[in-house]
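Tertiary structure, described
One-letter residues, chain by chain:
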Amino acid sequence: MSFLQAANSKNLLLAAMSPDDSALFRPTATRVQLTLRQMLEEAHKPIEFVYFIETGLGSVVAGKQFNVSVEVGLFGRDGMSGTALVLGDTENAFDSIMQIKGSAIRVSADNLRSALLQSPSMTKLLTGYARALGIQTSCTAWANADVVLQGRLARWILMVDDRVEHSHFNMTHELLSILLSVRRASVTDALKALGERQLIEVLRHEIGVIDRAGLIALTRGTYGMAEGEYARATGIPLSH
């Protein structure tokens, strides 16, 4: 598929670009399907492609060298993989993996670097996104240190809700336990508690948001800072 056909992308970064900027991706841009657990980029290896997510959810995961998986960043239709390239590097320190299958506009690393050299406006947009993602990672560390599990789970649900099209999304308790680095039984208990407070709806492998304000209150300020920076830096409102 040519980029002209893919120009009506659901990805918010691509949608925010001028026609001249988005046309710079034309040489290599293709729409691709992404499977569950697909590796988008591998830690300490050269980045070959960048994925502007349209549907689904990707995460930045740390700890592979120690046989653990801890999520330190989250992105969906709001963003992209390969932010190291935007910041002038060729590789990332962490893996990026699909946690909910979907689709993306894929662009070669060389094409992205060339486009950034040609367009100050694209550089400003994508470096703003990279900065917001870095703040999100800092807020994750804050939440892990200072917020109880229900609040951390509430923050994660809000972040996913911002990045998926529908009000309900599929996610197993087992995967949540891996991403939050806690026992599966603890995740089940926390989900049940949020459901009993009528903040979320929990179905089989599916979570839906009922009360965003109530969930935000549980996050103790760890949700909202990165989202505000995203809106400021990109001009794109993130939350519903």
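Residues numbered from 1 in each chain as written. Predicted model: local features only at pLDDT ≥ 70, side-chain atom pairs only at ≥ 80, totals over all residues. Heavy atoms only, no water.

**Considering empty space enclosed by the protein**
In total, this model carries one cavity of 30 Å³ or more according to the counting rule given. Roughly 60 Å³ of volume is contained in the largest cavity. Asp78, Tyr129, Ala132, Leu133, Gln136, Arg163, Ala226, Glu227, Tyr230 and Leu238 are the residues that line the largest cavity. Residue assignment for the lining of the largest cavity shows that the elements contributing at least two residues are helix 6 (120-146) and helix 11 (225-234). Class assignment of the residues belonging to the lining of the largest cavity gives a composition of six nonpolar, one polar and three charged. (1 Å grid on protein atoms, 1.4 Å probe; cavity = no way out; pocket = protein on both sides within 12 Å on 5 of 7 lines; lining within 4 Å. Points joined across faces, edges and corners; volume = space filled by probe spheres on them. Helix = DSSP H or I, 4+ residues; strand = E, 2+ residues; numbered from the N terminus. Nonpolar A, V, L, I, M, F, W, Y, C, P; charged D, E, K, R; others polar.)

**Some remarks on the layout of surface pockets**
Approximately 440 Å³ is the volume found for the largest pocket. Forming the walls of the largest pocket are 20 residues, and the residues nearest its centre are Gln99, Ile100, Lys101, Phe169 and Asn170. Elements represented by at least two residues in the lining of the largest pocket include exactly strand 3 (49-62), strand 5 (95-108) and strand 6 (168-170). Tallied by class, the residues present in the lining of the largest pocket amount to six nonpolar, eight polar and six charged. In this structure, the second largest pocket encloses a volume near 230 Å³.

**Quick look at the nonpolar core**
By size, the foremost hydrophobic cluster in this structure holds 38 residues, and its most contacted members are Leu13, Phe25, Phe52, Met80, Leu112 and Leu126. Within the residue set of this core, elements represented by two or more residues are helix 2 (12-16), strand 1 (30-34), strand 3, strand 4 (70-75), helix 4 (83-86), strand 5, helix 5 (109-118) and helix 6. Look past the residues within four positions of phenylalanine 52 in its chain and what remains in contact with it is Asn11, Leu13, Leu14, Met17, Phe25, Gly79, Met80, Ala104, Ile105, Val107 and Leu126. The next biggest cluster of nonpolar side chains, apart from the first, holds 28 residues, and it includes Ala190, Leu191, Leu194 and Val209. (Core = buried A, V, L, I, M, F, W, Y, C linked by side-chain atoms within 4.5 Å. Buried < 20%, exposed > 50% of the residue type's maximum accessible area, 1.4 Å probe, protein only. Contact = heavy atoms within 4.5 Å.)

**Notes on helix 11**
The α-helix advances 3.6 residues per turn, and as a result positions three or four apart in sequence lie on the same side. Turning to helix 11, its buried residues are Ala226, Glu227, Glu229, Tyr230, Ala233 and Thr234. Considered in projection along helix 11, the buried side chains sweep an arc of 160 degrees and stay on one side of the axis. Structurally, helix 11 contributes buried residues whose contacts are with helix 2, helix 6 and helix 7 (149-163). (Arc of directions from axis to C-beta.)

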